[in-house]
Amino acid sequence: MTAGVIQPQGAAHTRIYSYGAARGEIAVPNEDLVGPIDSSDEWIRQRTGIITRTRAVKETTAIELSTDAATEAVAKSGVDPADIDLVIVATISNPKQTPSVSAIVADRIGANPAAAYDLNAACAGFAYGVAQADALIRAGAAKYAVVVGAEKLSDVVDPTDRSISFLLGDGAGAVVVGPSDTPGIGPTVWGSDGSKADAVGMNHTLVEFRDGAAPWPTLRQEGPTVFRWAVWEMVKVARQALEAAGVEASDLAAFVPHQANMRIIDEFAKQLKLPDTVVIGRDIETTGNTSAASIPLATHRLLEEHPELSGGLALQIGFGAGLVFAAQVVVLP
C-alpha cells in the first residue's frame, strides 16, 4: 500500500491586521522637474493632479523603505515578529538582482526564518502579494504574513523623459495579513496582457547597459495607450472584483486604485458610479506614482485621515507595466 502524505489546511478566512508606511525623505515640487521636459507646474497639475512627490535620498534604497514600512505594520498589528512566517515584497526596485529584498526585511524585522520572496508585478504587485498571502495562509503554508509594496523609482527615471519622469516617487507600504473568524479579503480578479508589454516598462536591459550598447535603463510609457487601457479595461476588472466579493459599489467605504494619474482615478469613480459616501484614495497629489507602493501608501493615509473607515470595505486595484492587473475587496483594519 502506497503511503499517503499529509496535506495541510489553514484558516478558513484571513484579514488585514494593520498598515505601515514609509515615504521618501525629500518633497520634490513640480517646479524642480519642469526644465528638462520643457513643461510647467500648471501642465503637470492638469494632466496628473500631482503637486509634489516624495523621493528618497541617495543612501535610502527599497530595502530601507520596505523595512520601515514593515516595522510599523508589525508594531501596529500586535503580532509577535517571531510568529511571522512569510514575507512578500512587491518591487521592481531591488538595488540588486539577488538577494531578495524580502529576505533582508524578514531578518531586519525579527521574522527569521520566515519564508521570503520578491514578486515583480509592477503597479499591481501589492494586490498580487495580498492575494498570495491570503491563499497561502488559508492553505496552511503560513499563519502570519507581511506584504510590502516598495519602490525607489527615482533610480530608474530619466529627468528628460516627458512621458513619465514627473510622475514617479519613492516609498513603501506594508500590511500584516493573518487568520480571521470572518472573511476579510475578497476573491482576487487578476491577469495580464503581455501583448501590450511595450506600452510601459524599461527601455533597455542591464545586459545592453553592461555592454555599452545602451544608457542606464529607465522607465518609459506610451501615455495615451496606458490611459485608455486603465480607464476602459480596468473599470471592468474593478466591477468583476465587486461582483466576486458579493458587494455593490454603494457598500464600499473606500476606493483605493493604483495612484497612476488623478484623471484616471476620477474617471474610475465616475465609471463605477461611486456614491459620495465612498472615500477615494488620492495620495498621488503629494506622493506621486510609487508603483507597487501606491495602494498601501494611499490606504495608510486614508486611515490616518479617516479613522471612521476602520471595519469598512475598500476596493483596491493595481495595474501597470506588462499590463498586469489585480483587484480585490478588503475589510479595513
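Residues numbered from 1 in each chain as written. Predicted model: local features only at pLDDT ≥ 70, side-chain atom pairs only at ≥ 80, totals over all residues. Heavy atoms only, no water.

1. Considering the sheet that holds strand E7 (residues 170–180)
Point 1. Strand order in the open sheet made by the five strands is E1-E7-E6-E4-E5, with mixed pairing throughout. Looking at the sheet topology across the chains shown, the edges are occupied by strand E1 (13–23) and strand E5 (115–119). On average, adjacent strands in this sheet sit at an angle of 15 degrees to one another, irrespective of strand direction.
Point 2. Pairing between strand E4 (residues 86–90) and strand E6 (residues 145–152): five bridges, direction parallel. Counterpart to Val-89 in the pairing with E6 is Val-148.
Point 3. Each of E1, E4, E5, E6 and E7 touches helix H4 (residues 125–138); the most contacted strand, E6, lies at about 165 degrees to it. (Pairing = 2+ DSSP bridges. Helix = DSSP H or I, 4+ residues; strand = E, 2+ residues; numbered from the N terminus. Axes fitted to C-alpha atoms, helices over the stretch in contact; angles between N-to-C directions. Contact = heavy atoms within 4.5 Å.)

2. Observations regarding the environment of Leu-33
Point 1. Tracing the sequence through the fold places Leu-33 in the loop between strand E2 (26–29) and helix H1 (41–48).
Point 2. With 132 residues separating them along the chain, Leu-33 and Ser-165 place their C-alpha atoms 8.3 Å apart.

3. What to know about the packing of aromatic side chains
Point 1. With the rule as written, the count across this model stands at seven aromatic pairs.
Point 2. Look at Phe-209 and Trp-216: their rings are 5.2 Å apart centre to centre, the planes differ by 80 degrees, and that puts the pair in the edge-to-face class.
Point 3. Of the residues examined, Trp-216 reaches a relative accessible area of 42% and is grouped as partly exposed.
Point 4. Here the aromatic residues Trp-229, Phe-255, Phe-268 and Phe-319 are joined through ring pairs into a cluster of three or more.
Point 5. Residue placement shows Arg-15 over the ring face of Tyr-17; its charged tip is 4.0 Å from the ring centre.
Point 6. Cation over ring: Arg-162 sits above Trp-43, and NZ or CZ is 4.5 Å from the ring centre. (Phe/Tyr/Trp six-rings, centres within 6.5 Å; stacked < 30°, edge-to-face > 60°. Buried < 20%, exposed > 50% of the residue type's maximum accessible area, 1.4 Å probe, protein only. Lys NZ or Arg CZ within 6 Å of the ring centre and 35° of its normal.)

4. With respect to the nonpolar core
The tendency in soluble globular proteins is for nonpolar side chains to be buried side by side.
Point 1. Counting 49 residues, the largest nonpolar core has Met-234, Phe-255, Phe-268, Leu-274, Leu-315, Ile-317 and Phe-319 as its most contacted members.
Point 2. For this core, the elements supplying multiple residues, two or more each, are helix H6 (223–245), helix H7 (262–272), strand E13 (313–320) and strand E14 (324–331).
Point 3. In terms of residue count, H6 provides more of this core than any other element does, ten residues in total.
Point 4. Beyond its immediate stretch of four places on either side in the chain, Met-234 contacts Trp-229, Phe-268, Ile-317, Phe-319 and Phe-325.
Point 5. Formed by 35 residues, the second largest nonpolar core is a distinct cluster that contains Val-130, Ala-133, Ala-292 and Val-324. (Core = buried A, V, L, I, M, F, W, Y, C linked by side-chain atoms within 4.5 Å.)

The values are spatial; any link to function lies outside them.
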